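Descriptive analysis of the structure
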Amino acid sequence: MRGRNRLRQLHSSCTLQHRTQPISNLQSSTHTNQYPSKKTLTHNHRTKNKPEPVGDGDIKQWNMAITTHMQHGHYDSALHVFNSMPRRSSVSYNAMMSGYLRNGDFDLAREVFDKMPDRDLVSWNVMISGYLRNKNLSEARELFESMPKRDVVSWNSMLSGYAQNGYVDEARRIFDRMPEKNGISWNGLLSAYVQNGRIAEACKLFESKMDWEMVSWNCLMGGFVKKNKLVEARRLFDGMPMRDEVSWNIMITGYAQNKDLEEAQRLFEKAPVRDVFTWTAMVSGYIHNGMVDEARRTFDAMPEKNTVSWNAMIAGYVQSKKMDMARELFEAMTCRNVGSWNTMITGYAQSGEITLARNLFDRMPWRDSISWAAMIAGYGQSGFSEEALHLFIEMKRDGGRLNRSTFTCVLSVCSNIAALELGNQLHGQLVKVGFEAGCFVGNALLAMYCKCGSVEEAYHAFEEISDKDVVSWNTMIAGYSRHGFGKEALMLFESMKTFGVRPDDVTLVGVLSACSHTGLVDRGTELFNSMKRDYGILANSKHYTCIVDLLGRAGRLDEAQNVMKNMPFKPDAATWGALLGACRIHGNTELGEKAAEVIFELEPDNAGMYVLLSNLYAASGRWHDVSKMRLKMRDKGVKKVTGFSWLEVQNKIHTFSVGDTRHPERGRIYAYLEELELKMKKDGYVHTTKLVLHDVGEEEKEHMLRYHSEKLAVAYGILSIPAGRPIRVIKNLRVCEDCHNAIKHISKIENRLIILRDNNRFHHFNGGSCSCGDYW
């Protein structure tokens, strides 16, 4: 009782202290005792001039007080107790150091360590674990090597630190150096091999020892299941000397995820004990195989449910697009966690019900980084890019943690609206937190630069990715392709193979597209014909569309038709669209009509194809057919997509439509365009009036072409963006031939680099020419 009362005394006294004490107050010398024990008070009363030395029992009570304060996050109180101690042991310092580390304050922990007069083994081990927790492996290793003495805990800490950060070989070297190993050492290395997919080495290690604990058997079995090696997993399961619930759950989950639900059910029924995880494994298995009704029957039969069970069932309904059922379960759920809310928000966002997603988001009792990322991604995917960016700013103000997923979502939004300035700012933040080098965020950054028209910065981002995967290479190849740099795309393709990265079907789409947009017909056909032989890739509809587009653009329409006739499956609307586009370029109305008829059957609501055929009729002077197409669109309820162009100026998006009168600086823009047109005509510019889909006079046709959205956007860019900086304009439709011609002249007259992204590719206008070589 005396010790307990003493601890209460220390705790209550310290919590009354409001003054924050700096860490510099840590003292190694004797300090005046503000909190003496009852025994000390009695003794001092009797012998006022002879204070009794403090015993070890009293020091333990002070140390307990420090630990208690630290457990409750009361730094100042713990420090006050520490500074008030008449004498300290290494345990006192260790308690302070451990407390700071537990509460995430590494710097203060290090300061305590540095001020310790005498360090024991625990002190060194605690500090090493602090470095490892902060992923500072080099400092941890340096401290480890300088230790005067090590125990098995020291060695295991280093082994675990390397393993958890993916440095398996270094973990193995630590393991081999260990003078003494215990079960934690063996399990740590086995787990490192399994978690990093090095299952063969895990097996070899497992075979080198006989007396493994049950957790190790389960770990290796889980590794087999993760690699879809169910035969090996089952052999291990059958050979286990003992099994627990985890063993059964691993095997049931393995069979369920590999669509062997019959065997999963058989094991489920044989399991000697079924806990909530066993039942949840079956529910998840049914959901994984799209059997949501069976999952619900199992869910309803569960004798006990936990949050994971509810979330699994809700996720099943979300994946099946049954949001009403998901909502019903969600509302009935009494044990919601943040994952429950996130699943519902993601489901609504992916279903296009962004308002319902936002309502749930606003109702959340608390949010994590996934909540913010889900909502930002939902806005971005639904076309509400500005709302997504506003929410990102709100997240930062709210103190939300920026993780890789959030950065990736916001970079995707920047890509969609070509917000390069904001993208650059995000890049700076990525560098600051050290996220830019990994594939996940690095690929998103690379895609952002490609889609924002900054191909040079894209390549720099590509080079910065430390461990490039096939997505990195594909994104850069596709970026070069869309920017009209076909030769660079092909060079990168060759480098990819040199580095030992195997091309996939997406790679070949990018390379064939590059050949198509650059007119490299022979190289493109050669690659197409060698896909199966050289890379084991069977051509799909996208590859055939690329080769039809390649041949069609080159005017080899008969060859393009032959390719379509010999396809192993029926051409889709995209392939026929490529042929129709080629017919428009080369004025083949008869073949164009045939292609359009098929497209209208496959996709009757495809407004773009109606416009393409109308353009073909207009170029041939067949105005009656143009009118018929317009009537056909009206009768079928097909609406032509309104063309918009936009650009970013000082972190603000400016949007224009044809003949726009809403922009606050419209007077200045129109006046500038009139002056500019006079200069353009002197430079040889002539309006391409054959593209106007109205049978009117030439002068009226010129007027209709004069104020297209891309021209307004380019004009505003020249007026607003300082000389020497590129002007980047985005258009939601294909750039028209007249605007393409006009912007070439503008780039020459104004001596500006103008980068235009339409819905098909990029055009870099500079000095009167375009990167596409007028071949788009």
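Procedures and definitions
Residues numbered from 1 in each chain as written. Predicted model: local features only at pLDDT ≥ 70, side-chain atom pairs only at ≥ 80, totals over all residues. Heavy atoms only, no water. Helix = DSSP H or I, 4+ residues; strand = E, 2+ residues; numbered from the N terminus. Contact = heavy atoms within 4.5 Å. Areas by Shrake-Rupley, 256 points an atom, 1.4 Å probe, with all protein chains shown as cover. Salt bridge = Lys/Arg side-chain N within 4 Å of Asp/Glu carboxyl O. Buried < 20%, exposed > 50% of the residue type's maximum accessible area, 1.4 Å probe, protein only. pLDDT = per-residue confidence, 0-100. 1 Å grid on protein atoms, 1.4 Å probe; cavity = no way out; pocket = protein on both sides within 12 Å on 5 of 7 lines; lining within 4 Å. Points joined across faces, edges and corners; volume = space filled by probe spheres on them. Pairing = 2+ DSSP bridges. Polar contact = N/O pair within 3.5 Å; in protein donor to acceptor, adjacent residues only side chain to side chain. Arc of directions from axis to C-beta. Core = buried A, V, L, I, M, F, W, Y, C linked by side-chain atoms within 4.5 Å. Expected span 1.5 Å × (residues − 1). Phe/Tyr/Trp six-rings, centres within 6.5 Å; stacked < 30°, edge-to-face > 60°. UniProt positions renumbered as here; feature names shortened; annotations may be inferred. Right-handed = clockwise from strand over helix to strand, strands pointing away. Axes fitted to C-alpha atoms, helices over the stretch in contact; angles between N-to-C directions. Parallel < 35°, antiparallel > 145°, perpendicular 65-115°, else oblique. Nonpolar A, V, L, I, M, F, W, Y, C, P; charged D, E, K, R; others polar.

**Quick word on the overall build of the protein chain**
What the protein chain contains, in helices and strands, is 42 helices and 6 strands. In the protein chain, 61% of the contacts between residues at least 6 apart in sequence involve partners at least 24 apart. Of the roughly 37,600 Å² of accessible surface on the protein chain, a fraction of 50% belongs to carbon and sulfur atoms.

**Thoughts on the pattern of salt bridges**
Going through the model one piece at a time under the given rule, you end up with 40 salt bridges. In this structure, the salt-bridge partner of Arg172 is Asp176, at a minimum N-O distance of 3.0 Å. One end of the pair, Arg172, and the other, Asp176, are both in helix H10 (residues 168-177), 4 residues apart, so they sit about a helical turn from each other. One salt bridge connects Arg706 with Glu677, and the closest N-O pair in it is separated by 2.9 Å. Of this pair, Arg706 sits in helix H40 (residues 698-706) while Glu677 sits in helix H39 (residues 666-682), and the two are 29 residues apart along the sequence. What makes Arg706 buried here is its relative accessible area of 19%. Overall, the relative accessible area of 10% leaves Glu677 in the buried class.

**Considerations on the confidence of the model for the protein chain**
Parts of the model with low pLDDT should not have their predicted coordinates read in detail. Overall, the prediction assigns the protein chain a mean pLDDT of 84, with 89% of residues at 70 or greater. In this model residues 27-55 is a low-confidence stretch, pLDDT under 50, and it forms 44 contacts with partners more than four residues away in sequence or in other chains.

**Some thoughts on the layout of surface pockets**
A probe matching the size of a water molecule, rolled over the atoms, marks out where space remains unfilled. Empty space within the second largest pocket amounts to approximately 340 Å³. Along its surface, the second largest pocket is lined by 14 residues, and Leu389, His390, Ile393, Leu422 and Asn651 are the ones closest to its centre. Elements with a minimum of two residues in the lining of the second largest pocket: helix H24 (385-397), helix H26 (420-433) and strand E2 (652-657). Examining the composition of the lining of the second largest pocket, we find that 6 residues originate from one element, H24, more than from any other.

**As for the side chain of Ser415**
As for its placement among the helices and strands, Ser415 is situated in helix H25 (residues 404-417). Excluding anything up to four places from it in sequence, Ser415 contacts Ala447, Met448, Lys451, Cys452 and Arg757.

**Things to note about the sheet that holds strand E3 (residues 727-731)**
Across the sheet, which stays open at both edges, the 6 strands sit in the order E2-E1-E3-E4-E5-E6 with mixed pairing between neighbours. Every other strand in the sheet has two partners, leaving E2 and strand E6 (769-770) as the edge strands with one partner each. Pairing between strand E4 (residues 754-757) and strand E5 (residues 762-766): 4 bridges, direction antiparallel. The partner of Arg757 across the bridge, within E5, is Phe762.

**Here we look at the environment of Asp120**
Positionally, Asp120 belongs in the loop between helix H6 (106-115) and helix H7 (121-133). The exposure class of Asp120 is partly exposed, given its relative accessible area of 24%. The sequence separation of Asp120 and Pro148 amounts to 28 residues, and the corresponding C-alpha distance is 9.6 Å. Residue contacts for Asp120: discarding those within four places in its chain leaves Ser90 and Asn94. Among the polar contacts made by the side chain of Asp120, one reaches the side chain of Ser123 at a distance of 2.7 Å.

**Let's talk about helix H28 (residues 455-464)**
Among the residues of H28, those classed as buried are Val455, Ala458, Ala461 and Phe462. Each buried residue of H28 lies within a common arc of 110° when the element is viewed along its axis, so the set occupies one face.

**Let's talk about the nonpolar core**
With 206 residues, the main nonpolar core has Ile66, Met96, Leu220, Met313 and Leu579 as its most contacted residues. When residues in this core are grouped by element, the largest group, 8 residues, is from helix H37 (residues 607-619). Discounting residues that sit within four places of it in the chain, Leu579 has contacts with Val548, Leu557, Ala560, Gln561, Met564, Leu591 and Ala595. Judged by nonpolar contacts, the second largest core, of 31 residues, contains Leu647, Ile669, Ala715 and Ile743.

**Side note on H7**
Look at H7: 18 Å from first C-alpha to last across 13 residues, which is about the 18 Å you get at 1.5 Å a residue. Tucked into the core, H7 has its buried residues touching helix H5 (90-102), H6, helix H8 (137-145) and helix H9 (152-164). Where H7 begins, the capping side chain belongs to Asp120, and its oxygen is found 3.2 Å from the backbone nitrogen of Val122. At the exit of H7 stands Lys135, carrying a positive phi of roughly 60°.

**Focus: unusual backbone geometry**
Its identity is not glycine, yet Lys259 carries a phi of approximately 65°, on the positive side. In this structure, Lys259 sits in the loop between helix H15 (245-257) and helix H16 (261-270).

**Description of the packing of aromatic side chains**
Within a pair of aromatic rings, the relevant descriptors are the distance that separates the centres and the angle that separates the planes. The tally for this structure, following the rule as stated, stands at 26 aromatic pairs. Between Trp473 and Phe499, the aromatic rings sit 5.7 Å apart at their centres with planes inclined by 40°, giving tilted as the arrangement. Here Phe499 lies in the loop between helix H30 (486-498) and helix H31 (505-518) and Trp473 lies in helix H29 (residues 470-482), a separation of 26 residues in the sequence. Taking the relative accessible area as the measure of exposure, Phe499 reaches 64% and is therefore exposed. Ring centres of Tyr544 and Phe569 lie 5.6 Å apart, and the angle between their planes is 85°; this geometry places the pair in the edge-to-face category. Of the two residues, Tyr544 sits in helix H33 (residues 541-553) while Phe569 sits in the loop between helix H34 (557-565) and helix H35 (573-586), which places them 25 residues apart along the sequence. Site record: aromatic cluster; members linked through ring pairs are Tyr459, Phe462, Trp473, Tyr480, Phe485 and Phe499.

**Considerations on the UniProt feature "repeat: PPR" (unreviewed entry) in the protein chain**
With numbering matched to this structure, UniProt assigns "repeat: PPR" (unreviewed entry) to residues 89-123, 151-185, 244-274, 275-309, 337-367, 368-402 and 469-503. The straight-line gap between the two end C-alpha atoms of residues 151-185 is 12 Å; of that span, 74% is helix and 0% is strand. From the first C-alpha to the last, residues 368-402 spans 10 Å; its make-up is 74% helix and 0% strand.

**Digging into the pairing of E3**
Extensive coverage of E3 is indicated by the burial of 5 of its 5 residues. Sheet analysis places strand E1 (residues 644-649) next to E3, joined by 2 bridges and oriented antiparallel. When the sheet's bridge partners are listed, Ser645 is paired in E3 with Lys731. Relative to E4, E3 is paired through 4 bridges, and the arrangement is parallel. Bridge pairing links Ile727 to Ile754 in E4. On the question of chirality, the crossover connecting E3 to the parallel E4 by way of helix H42 (residues 737-750) is right-handed.

**A word on empty space enclosed by the protein**
Considering all chains together, one arrives at 3 cavities of 30 Å³ or more under this definition. Of the volumes computed, that of the largest cavity is approximately 60 Å³. Lining the largest cavity are Leu673, Glu677, Met680, Tyr685, His687, Arg706, Lys711, Ala742 and Ile746. Contributions of two or more residues to the lining of the largest cavity are made by H39 and H42.

**Details of the packing of helix H21 (residues 338-350) against helix H23 (residues 369-381)**
At their nearest, the axes of H21 and H23 sit 9 Å apart, and the two run at 5° to each other. Judged on the interaxial angle alone, H23 and H21 are roughly parallel. Touching Val338, Asn342, Ile345, Thr346, Ala349 and Gln350 of H21 are Ile370, Ser371, Ala374, Met375, Gly378 and Gln381, all from H23. Residue classes in the contact of H21 with H23 are distributed as 6 nonpolar, 6 polar and no charged.

**With respect to the environment of Leu236**
By the element assignment, Leu236 lies in helix H14 (residues 230-239). Take Leu236: its relative accessible area is 13%, and that puts it in the buried class. Separated by 15 residues in the primary sequence, Leu236 and Met221 have C-alpha atoms spaced 6.5 Å apart.

**Points about the pairing of E1**
The element E1 is largely enclosed, with a buried count of 5 among its 6 residues. Looking at chain direction, E1 and E2 are connected through 6 bridges and run antiparallel. For Ser645, the partnering residue across the bridge sits in E2 and is Phe656.

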